Amino acid sequence: MDSSVFLGSLLHCAVDNLTLSRDSGVTQSPSVLWVQKGKSAEMNCSHTKGISYNQMYWFRQQVKPMELIVYISTANNPDFGNFSREKFSATKKEAESGYFTVKNVESDDSALYFCAVSEHSGTVLLHC
């Protein structure tokens, strides 16, 4: 029996005046991640959009619709909404990069995970 779980990332996006682009200047690593059950999986997101893009969003895509797991910026603590801080963590110490961790990985965590970044503004609509 295989005790590894697949976590992948195929999509990266940035909000640039509410327009998304595949050539967004956002890079996520690793692009493919196999993790043993019970271990943690850490992903990095970085961008070349400039320091005004200090907001980061981490999403999960499984069979069901895409879900926003966490929003984080350099100025605020992570906002996990309905998701558990015991299951996920996120850090963002500088505008150009951040980290996302899935803790105690189980089979149900198998999904595509990806990040998006946005520039600070009063209102941001994000669609990926």
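Not measured: the values here are computed from a predicted model.

(A) Expanded view of the overall build of the protein chain. Each helix and strand in the protein chain was counted, giving zero helices and ten strands. Of all intrachain contacts in the protein chain linking residues separated by at least 6 positions in sequence, the fraction that spans at least 24 positions is 58%. As displayed, the protein chain has an accessible area near 7,200 Å², and 50% of this comes from carbon and sulfur atoms.

(B) Molecular detail of the sheet that holds strand S5 (residues 41-47). Here we have four strands laid out as an open sheet, ordered S3-S5-S9-S8, and antiparallel in their pairing. Two strands close off the open sheet at either side, each with one partner strand: strand S3 (26-29) and strand S8 (88-94). Within the sheet, the average angular offset between the axes of one strand and its neighbour, ignoring direction, is 15°.

(C) View of the pairing of S8. One ladder, built from five bridges, connects S8 with strand S9 (residues 97-102); its direction is antiparallel. Bridge pairing links phenylalanine 88 to valine 102 in S9.

(D) Layout of the packing of aromatic side chains. Within the structure shown, the criterion is met by six aromatic pairs. A centroid spacing of 5.2 Å and a plane angle of 45° characterise the contact between tyrosine 57 and tyrosine 71, whose relative ring orientation is tilted. Of this pair, tyrosine 57 sits in strand S6 (residues 55-61) while tyrosine 71 sits in strand S7 (residues 67-73), and the two are 14 residues apart along the sequence. For the pair tyrosine 57 and tyrosine 71, one class covers both residues: buried. Following the ring pairs from residue to residue traces out a cluster consisting of Trp58, Phe83, Phe88, Phe100 and Tyr113. Of note, lysine 49 hangs over the ring of tyrosine 53, and the distance from its end group to the ring centre comes to 5.3 Å.

(E) Quick look at the pattern of salt bridges. One pass over the structure, following the stated rule, counts two salt bridges. Glutamate 67 serves as the salt-bridge partner of arginine 60, at 3.0 Å between the closest nitrogen and oxygen. Of the residues examined, arginine 60 reaches a relative accessible area of 8% and is grouped as buried. Residue aspartate 109 is joined to lysine 87 by a salt bridge in which the shortest nitrogen-to-oxygen separation is 2.6 Å. Highlighted residues: aspartate 109 in the loop between S9 and strand S10 (111-118) and lysine 87 in the loop between S7 and S8, separated in sequence by 22 residues. By the burial criterion, aspartate 109 is buried, and lysine 87 matches it.

Conventions and cut-offs
- Residues numbered from 1 in each chain as written.
- Predicted model: local features only at pLDDT ≥ 70, side-chain atom pairs only at ≥ 80, totals over all residues.
- Heavy atoms only, no water.
- Helix = DSSP H or I, 4+ residues; strand = E, 2+ residues; numbered from the N terminus.
- Contact = heavy atoms within 4.5 Å.
- Areas by Shrake-Rupley, 256 points an atom, 1.4 Å probe, with all protein chains shown as cover.
- Pairing = 2+ DSSP bridges.
- Axes fitted to C-alpha atoms, helices over the stretch in contact; angles between N-to-C directions.
- Phe/Tyr/Trp six-rings, centres within 6.5 Å; stacked < 30°, edge-to-face > 60°.
- Buried < 20%, exposed > 50% of the residue type's maximum accessible area, 1.4 Å probe, protein only.
- Lys NZ or Arg CZ within 6 Å of the ring centre and 35° of its normal.
- Salt bridge = Lys/Arg side-chain N within 4 Å of Asp/Glu carboxyl O.

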